[in-house]
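Residues per chain are reported as follows:
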Amino acid sequence: MIILKSSREIDRMRSASLIVAEILIGLRSLVVPGISTWDLDYFAASMAVKRKAKCAFKGYHNYPSSLCCSPNDQVVHGIPNKNPLSDGDIVSLDFGVIYDDFYGDAAITLPVGVIKASAERLLKVTEESLYAGIEMVAPGNRLGDVSSAIQNYVESRGFSVVRDFVGHGIGRALHEEPQIPNYGVSGKGVKLRPGMVLAIEPMINEKSHEVRILDDNWTVVTCDGGLSAHFEHTVAVTESGYEILTRIN
Ligand code: MF3
Ligand code: CO
């Protein structure tokens, strides 16, 4: 069942989402060669305390940290550690909070220092694919319109869409219906209605779409060692189209 949110509930989701966006902006300025993902996790958790928000991921199915940090060939759900990030790395940061009973969830992928042109392109195409999907969010459109817009944007530029992980509805739970694949067929799937709130999150690989999970039972990596990027926004369906609740900037 897809739970529709009232405009007052969306106001509350906006508050949660703004905290997530602010913390990601803070993290963006900290990502330089030499910082560890442990340090980034500490910063995110401290900022959340200051904002009186609870970190959404910590303890979720026993996930051990507040932030997911996934460098290079890690796709999602990387666990923070004390290894310093290096010049030329990329790192995906995924963060969520619960505030006033509602969740907000967003992710960005950042360059560490100076990165290769091919990595720059992966980040750009992944972020733009998120916006290509969001552009399709409007009442009366279908979920397949969002999914296929992402897939077409990515595949026509030579990258591949991860199949094994998907976006999701969000609200009083981190993961609500519907599931939101980043591949699909336009005109198919659930019809979008005002009050739906969607966490849209393309996970895009440089080479093959195939992924596997490491022995820590969390970290998802590409099978071929190619780079992977991830961008996510929490987006409300409005009467006229959409509102990006986690808008950064
Ligand atoms: N943005 C991810 C998701 O929506 C984060 C979940 S990580 C977990 O699935 F640690 F909480 F599982
Ligand atoms: Co999510």
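Each remark here, short or long, concerns the structure printed above.
Residue positions are given per chain, counted from 1 along the sequence in the order it is written. Chain letters start at A and ligand numbers start at 1, both assigned in the order the entries are written. Residue-level local features of this predicted model are given only where pLDDT is at least 70; pairs of side-chain atoms are given and counted only at 80 or more, and the full residue set underlies all totals for whole chains, interfaces and linings. No hydrogens and no water enter the side-chain calculation; it runs on all heavy atoms of the structure.

## Some points on the site of ligand 1
As a matter of local geometry, ligand 1 sits amid Phe57, Tyr60, Tyr63, Cys68, His77, Asp94, Asp105, His168, His175, Glu201, Trp218 and Glu232. At 2.7 Å, a side-chain N or O of His168 approaches an oxygen atom of ligand 1. Distance and chemistry together define a polar contact, namely a pair of N or O atoms within 3.5 Å, with one atom able to donate a hydrogen and the other to accept it when in protein, and with adjacent residues in sequence counting only for side-chain atoms on both sides. Interatomic distance of 2.8 Å between a side-chain N/O atom of His175 and an oxygen atom of ligand 1. Definitions used for this entry: grid spacing 1 Å over protein atoms alone; cavity, a set of points where a 1.4 Å probe fits but cannot get out; pocket, an open set with protein on both sides within 12 Å along at least 5 of 7 lines; lining residue, one with an atom within 4 Å of a point. If over half the atoms of a molecule are within 2 Å of the grid points of a cavity or pocket, the molecule is regarded as sitting in it. Judged by the proximity of its atoms to the pocket grid, ligand 1 belongs to the largest pocket. Residue proximity to a molecule or strand is established when one non-hydrogen atom of the residue lies within 4 Å of it.

## A word on the packing of aromatic side chains
Ring geometry is summarised as follows: Phe, Tyr and Trp rings, the Trp one being its six-membered ring, pair when their centres sit within 6.5 Å, and such pairs are stacked at plane angles under 30 degrees, edge-to-face over 60 and tilted between the two. This structure, assessed with the given rule, holds one aromatic pair. In this structure, Lys82 is placed above the aromatic ring of Trp38, and the distance from its NZ or CZ to the ring centre is 4.7 Å. Sitting above the plane of the Tyr183 ring, Arg163 keeps its charged end 4.5 Å from the centroid. Distance and angle both matter: a charge sits over a ring if NZ of Lys or CZ of Arg is within 6 Å of the ring centre and within 35 degrees of the ring normal.

## Some thoughts on the pattern of salt bridges
By definition here, a salt bridge exists when the distance from a side-chain nitrogen of Lys or Arg to a carboxyl oxygen of Asp or Glu is within 4 Å. One pass over the structure, following the stated rule, counts nine salt bridges. Ionic pairing is found between Glu9 and Arg172, a salt bridge with its closest N-O pair at 3.3 Å. Here Arg172 lies in the loop between strand S7 (167-169) and strand S8 (176-180) and Glu9 lies in helix H1 (residues 7-30), a separation of 163 residues in the sequence. Overall, Arg172 belongs to the partly exposed group, its relative accessible area being 47%. Through salt bridges with shared partners, one network takes in Asp11, Arg14 and Glu243. Starting at the N terminus, helices and strands are each numbered in turn, a helix being any DSSP run of H or I of at least four residues and a strand any DSSP run of E of at least two. Only protein chains enter the area calculation, which uses a 1.4 Å probe; residues under 20% of their type maximum are buried, those over 50% are exposed, and those in between are partly exposed.

## A look at the coordination of the cobalt ion (ligand 2)
As a benchmark, a tetrahedral metal site with four donors has ideal angles of 109.5 degrees, while an octahedral site with six donors has ideal angles of 90 or 180 degrees. A donor here means an N, O or S atom no more than 2.8 Å from the metal, or no more than 3.2 Å when the metal is Na, K or Ca. Since water is not included, a site may seem to lack partners. Taken together, the protein ligands of the cobalt ion (ligand 2) are Asp105 (OD), His168 (NE2), Glu201 (OE) and Glu232 (OE), with distances of 2.1 to 2.3 Å. By the criteria applied here, four donors are tetrahedral when all angles lie between 85 and 135 degrees, four are square planar and six octahedral when opposite donors are over 155 degrees apart and every other angle lies between 65 and 115, and any other arrangement is irregular. Geometry at the cobalt ion (ligand 2) is irregular, judged from the six donor atoms that bind it and their angles of 64 to 170 degrees at the metal. Given the relative accessible area of 2%, Asp105 is considered buried.

## With respect to the sheet that holds strand S12 (residues 220-222)
Here three strands make up an open sheet; going across it, the order is S3-S12-S11 and the pairing antiparallel. With one partner strand each, in any of the chains shown, strand S3 (74-76) and strand S11 (211-213) form the two edges of the open sheet. Pairs of neighbouring strands in the sheet enclose a mean axial angle of 40 degrees, with direction left out of account. Note on pairing: DSSP must find at least two bridges between two strands before they are called paired. Taken together, the three bridges between S11 and S12 define a ladder with antiparallel strand orientation. From the neighbouring strand, Val211 faces S12, where its bridge partner is Thr222. To get an axis, fit a line to the C-alpha atoms, keeping to the stretch in contact for a helix; angles then go from 0 to 180 degrees between the N-to-C directions.

## Re the environment of Ile23
Summarising the element assignment, Ile23 is placed in helix H1. Residue Ile23 is classed as buried on the basis of its relative accessible area, which comes to 0%. In the structure, Ile23 is positioned 72 residues away from Phe95 in sequence and 8.3 Å away in space, judged by C-alpha atoms. Discounting chain neighbours no more than four positions away, the residues touching Ile23 are Phe43, Ala44, Met47, Ala48 and Phe95. Residue contacts are defined here by distance: any two heavy atoms, one from each residue, within 4.5 Å place the two residues in contact.

## Quick notes on the layout of surface pockets
In this approach, a probe sized like a water molecule rolls over the atoms, and the result shows the empty space that is left. Grid points are joined across faces, edges and corners, and a volume is the space filled by probe spheres set on the points. Here the largest pocket is characterised by a volume of approximately 340 Å³. Around the largest pocket sit 18 residues that line it, and Tyr60, His77, Leu174, His175 and Glu201 are the ones nearest its centre. By the convention adopted, Pro, Cys, Tyr, Trp, Phe, Met, Ile, Leu, Val and Ala count as nonpolar, Lys, Arg, Asp and Glu as charged, and the other residues, Gly among them, as polar. The residue inventory of the lining of the largest pocket, partitioned by class, reads ten nonpolar, four polar and four charged. Around the second largest pocket, the lining comprises twelve residues; the ones closest to its centre are Arg28, Ile108, Glu127, Phe231 and Ile248. The set of elements that each furnish at least two residues to the lining of the second largest pocket consists of strand S5 (102-111) and helix H3 (117-134). If one sorts the elements of the lining of the second largest pocket by residue count, S5 sits on top with four residues.

## Quick notes on the sheet that holds strand S10 (residues 203-205)
Spatial strand order, S6-S10-S13: three strands in an open sheet with antiparallel pairing. For this open sheet the edge positions go to strand S6 (160-161) and strand S13 (228-230), each flanked by a neighbour on one side alone. Inspection of the sheet shows S10 paired to S13 by three bridges, in the antiparallel sense. Within the sheet, the bridge partner assigned to Asn205 lies in S13 and is Ser228. Where H3 meets the sheet, its contacts fall on S10 and S13, and the angle it forms with S13 comes to roughly 35 degrees.

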